[in-house]
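Chain residues, written in single-letter form:
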Amino acid sequence: MPDTPAATPRARVRVPLRFHDGFAVDADLVTFHGLTDGREHVAVVLGEPGPRPLVRLHSECLTGDVLGSARCDCGPQLREAVERIAERGGVLLYLRQEGRGIGLYNKLDAYALQDQGLDTYEANAALGLPEDARDYTAAAQMLRALDITALDLLSNNPDKAGQLRALGIDVHDRVPTGVFTTPHNVRYLRAKVLQTQHTLPLADLTGRGVG
């Protein structure tokens, strides 16, 4: 396990969350001192976390989370995660890792290459960028600062569970999210299954989307 410096909570504030479909819940938003990557990640504490809370690592996605883009499944996953975590008790870590860590501008450049036929990973490679640049050391720091060392992880991505375990977090179960397909994101979702072994039902992901 890497010798990672400890982070500490910086501030905690109660925020009422209101979604476009009418779902509403109050959450505590926690900020931190001492995160290794220096980014402004936020923990969204929902319900009453127990000894093994439900946790999601959600990477920031301006296009999906804010603008409602149908080229990915990020917005629906965020909405689903907030409700499921609130029901059980746990934490959503909102991580500033736009575009799997390559940034917003590079992500939009990759979209342009996807429009020419490349998949999401091929587009990153064509730009000279990693397929996935995300590192979850700061996530592990945030969890420990919240006294969470054992959890169930809400994710289809085996790399998230693997990295957390390598960082000393006990990921007991990996709980799959829903499947949120549109005509524009089917190719994107298929690429996640084929390239990085996301646990999505490949047989259901048919079609010729552009995402």
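Relevant structure appears above.
Structural notes, computed from the coordinates. (Residues numbered from 1 in each chain as written. Predicted model: local features only at pLDDT ≥ 70, side-chain atom pairs only at ≥ 80, totals over all residues. Heavy atoms only, no water.)

## Considering the pattern of salt bridges
Here's step 1: Summed over all chains, the structure comprises 13 salt bridges.
Here's step 2: Arg12 is the salt-bridge partner of Asp28, the closest N and O atoms lying 3.0 Å from each other. With Asp28 in strand 2 (residues 24-33) and Arg12 in strand 1 (residues 8-18), the pair connects residues that are 16 residues apart, well separated along the chain.
Here's step 3: For Asp115, the salt bridge is made with Arg71, and the minimal N-O distance between the two is 3.2 Å. Of the two residues, Asp115 is situated in the loop between helix 3 (104-114) and helix 4 (120-126) and Arg71 in the loop between helix 1 (62-66) and helix 2 (74-88); the sequence distance between them amounts to 44 residues.
Here's step 4: When its relative accessible area of 52% is taken as the criterion, Asp115 is described as exposed.
Here's step 5: Residues joined in a network through salt bridges with shared partners are Arg52, Arg88, Asp152 and Asp173. (Salt bridge = Lys/Arg side-chain N within 4 Å of Asp/Glu carboxyl O. Helix = DSSP H or I, 4+ residues; strand = E, 2+ residues; numbered from the N terminus. Buried < 20%, exposed > 50% of the residue type's maximum accessible area, 1.4 Å probe, protein only.)

## A word on helix 6 (residues 158-166)
Here's step 1: Residues Lys160, Ala161, Gln163 and Leu164 constitute the buried set of helix 6. The arc that holds the buried residues of helix 6, viewed along the axis, is 165 degrees, so those residues lie on one side.
Here's step 2: Against the buried residues of helix 6 lie strand 4 (54-59), helix 5 (137-145), strand 6 (150-154) and strand 7 (170-175).
Here's step 3: Between the side-chain oxygen of the N-cap and the backbone nitrogen of Asp159 there are 2.9 Å, and the N-cap of helix 6 in question is Asn157.
Here's step 4: Gly168 lies just past helix 6 and shows a positive phi near 90 degrees. (Arc of directions from axis to C-beta. Contact = heavy atoms within 4.5 Å. Polar contact = N/O pair within 3.5 Å; in protein donor to acceptor, adjacent residues only side chain to side chain.)

## A short note on the nonpolar core
Here's step 1: Counting 27 residues, the largest nonpolar core has Leu57, Leu93 and Leu164 as the members making the most contacts within it.
Here's step 2: Among the elements that make up this core, the one with the highest residue count is helix 5 (six residues).
Here's step 3: When near neighbours in sequence (up to four residues on either side) are disregarded, Leu93 contacts Val42, Ala43, Arg56, Leu57, His58, Ala139, Met142 and Leu143.
Here's step 4: If you look at the next biggest cluster of nonpolar residues, it comprises 16 residues, including Val44, Leu78, Ile85 and Ala86. (Core = buried A, V, L, I, M, F, W, Y, C linked by side-chain atoms within 4.5 Å.)

## Some thoughts on unusual backbone geometry
Here's step 1: Positive phi values are uncommon outside glycine, yet Arg100 reaches one of about 55 degrees.
Here's step 2: Along the chain, Arg100 falls in the loop between strand 5 (90-95) and helix 3.
Here's step 3: Residue classification places Arg100 among the buried residues on the basis of a relative accessible area of 11%.
Here's step 4: A positive phi angle, near 65 degrees, is found at Asp147, a position not held by glycine.
Here's step 5: Note on placement: Asp147 falls in the loop between helix 5 and strand 6.
Here's step 6: On the basis of relative accessible area, Asp147 is assigned to the exposed category, the value being 71%.

## Details of the pairing of strand 7
Here's step 1: Strand direction decides the pairing type here: strand 6 and strand 7, joined by five bridges, are parallel. By the bridge assignment, Leu154 is partnered in strand 7 with Val175.
Here's step 2: Following the chain from strand 6 across helix 6 to the adjacent parallel strand 7, one finds a crossover that is right-handed. (Pairing = 2+ DSSP bridges. Right-handed = clockwise from strand over helix to strand, strands pointing away.)

## Describing the sheet that holds strand 7
Here's step 1: Read from one edge of the open sheet, seven strands run 1-2-3-5-4-6-7, paired in mixed fashion. Edge positions in the sheet fall to strand 1 and strand 7, since each of these pairs with one other strand and no more. Strand-to-strand twist in this sheet, taken as the mean axis angle between neighbours without regard to direction, amounts to 30 degrees.
Here's step 2: With three bridges connecting them, strand 2 and strand 3 (residues 42-46) associate as antiparallel partners. (Axes fitted to C-alpha atoms, helices over the stretch in contact; angles between N-to-C directions.)

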